[in-house]
Amino acid sequence: MPLQIPHPNTPLRLYRHMLREATYLPPLCRPWIASRIQARFRDCRYKDNPNFYIKEAHQKLRYLRSANTGHVKRMRQLCLLATGRVGKRRRLLGKTELSSLPASSSAKLDEVAKMANKKQRESDWMDNWSIEKVKAIAFSQSAQQGTDWPFRMRKGVDPLRNLRTENCFGRPLSERSIRNRLKKHWVIILKQLLPPLPPGEWDQLAAMATGEADPQHYKIPARRPVARPVTQSHSASSEVETSSWEDFVTKPVRSLQRGNSRKLKTLSSDEDEDPRGHGRPTGTRVLNPRKLRRSIYGSIWRASPLVSENPRSGKWSVTWGGQEHQPVSRPRKKDLQFFQGVNKAGVPMQSPS
């Protein structure tokens, strides 16, 4: 049954509808999505031409309603936004987690000062990034990446193998040209890189993906009943937009019935005119705790790195979610007959002579 909610006709009413839909999201993405709705409303509230932003907000409202209906891909996309795998938080995590750290001791501070004195070029944006950390994550991502990850890392990560040091005449390139080529190379790497999560957030995501978190992290709030007006003259059902006879005369039938298709039914919330209907909307599932843990939380955890530095060598180690070996489940009693005569390694046992 689609939602019988009046179409929001004012920006403030649209803002309230979006905040209401954000309360039905899982706890993993609910705080970030709600904060983004509030921030975007404050940024676009006093724009000179707000029609573009109002149209975009209507699209996002339909997207949220489709995700709350049970569309797995759209719900996963919202969780990717909240965990920083895509979108604005990905850029914020890259800025905070991949930037070069200040010197932690006086010896390191002296080394940085000596390196700055030796430099004969102007400082650029690469001086503010920890290139060694970026390189370690890029190499690990290229080796561990899966097919469902939001970004695919290129194979050629090492700049020494990809950058040329001579021009077409066999002459060495200038330092400025080499630096510009190096910056272009790392720009491509950063566009494909998945930034690391803070340790506390990574541990919490691991607990949610493995089923060790509290049950409240898998609970999706039930939808509250729609408020009904006291007087029937201003009922909510009378405000729902319906197609008139003029639409059937002036518009193609396929455009009027597009919202009833299985693909767009969760976005349009239209009812089928045919009682038999077109069937269940495509891509929707019942988002129970098991579905959230396996299809959404587990895949996001596998695409989230945790970076730590070795205090002795200073090298970076990268750990991705789900890297440890998963134990094989024990067979059922009626399946044990297929394993008779072999040991745990699958090698046939020698019968006693």
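Residues numbered from 1 in each chain as written. Predicted model: local features only at pLDDT ≥ 70, side-chain atom pairs only at ≥ 80, totals over all residues. Heavy atoms only, no water.

Before going further, it helps to spend a moment on helix H10 (residues 199-210). Between its first and last C-alpha, H10 extends 16 Å over twelve residues, near the 16 Å set by a 1.5 Å rise per residue. Within H10 the residues assigned to the buried category are Trp-202, Leu-205, Ala-206, Ala-207, Met-208 and Ala-209. Its buried side turned inward, H10 meets helix H15 (289-302), strand E1 (305-309) and strand E2 (316-320). Two residues or fewer past H10, Gly-211 is found with a positive phi of approximately 85°. (Helix = DSSP H or I, 4+ residues; strand = E, 2+ residues; numbered from the N terminus. Expected span 1.5 Å × (residues − 1). Buried < 20%, exposed > 50% of the residue type's maximum accessible area, 1.4 Å probe, protein only. Contact = heavy atoms within 4.5 Å.)

Okay, the pattern of salt bridges next. All told, the structure shown has six salt bridges when counted by the stated rule. In this structure, the salt-bridge partner of Arg-223 is Glu-21, at a minimum N-O distance of 3.1 Å. In this pair, Arg-223 is assigned in the loop between H10 and helix H11 (236-239) and Glu-21 in helix H1 (residues 11-22), connecting sequence segments 202 residues apart. Residue classification places Glu-21 among the buried residues on the basis of a relative accessible area of 2%. Residue Glu-201 is joined to Arg-89 by a salt bridge in which the shortest nitrogen-to-oxygen separation is 2.8 Å. (Salt bridge = Lys/Arg side-chain N within 4 Å of Asp/Glu carboxyl O.)

A few words now on the packing of aromatic side chains. A complete count under the given rule lists five aromatic pairs for this structure. Between Phe-52 and Tyr-53 the ring centres are 5.4 Å apart and the planes differ by 80°, which places this aromatic pair in the edge-to-face class. When its relative accessible area of 56% is taken as the criterion, Phe-52 is described as exposed. Given the relative accessible area of 27%, Tyr-53 is considered partly exposed. (Phe/Tyr/Trp six-rings, centres within 6.5 Å; stacked < 30°, edge-to-face > 60°.)

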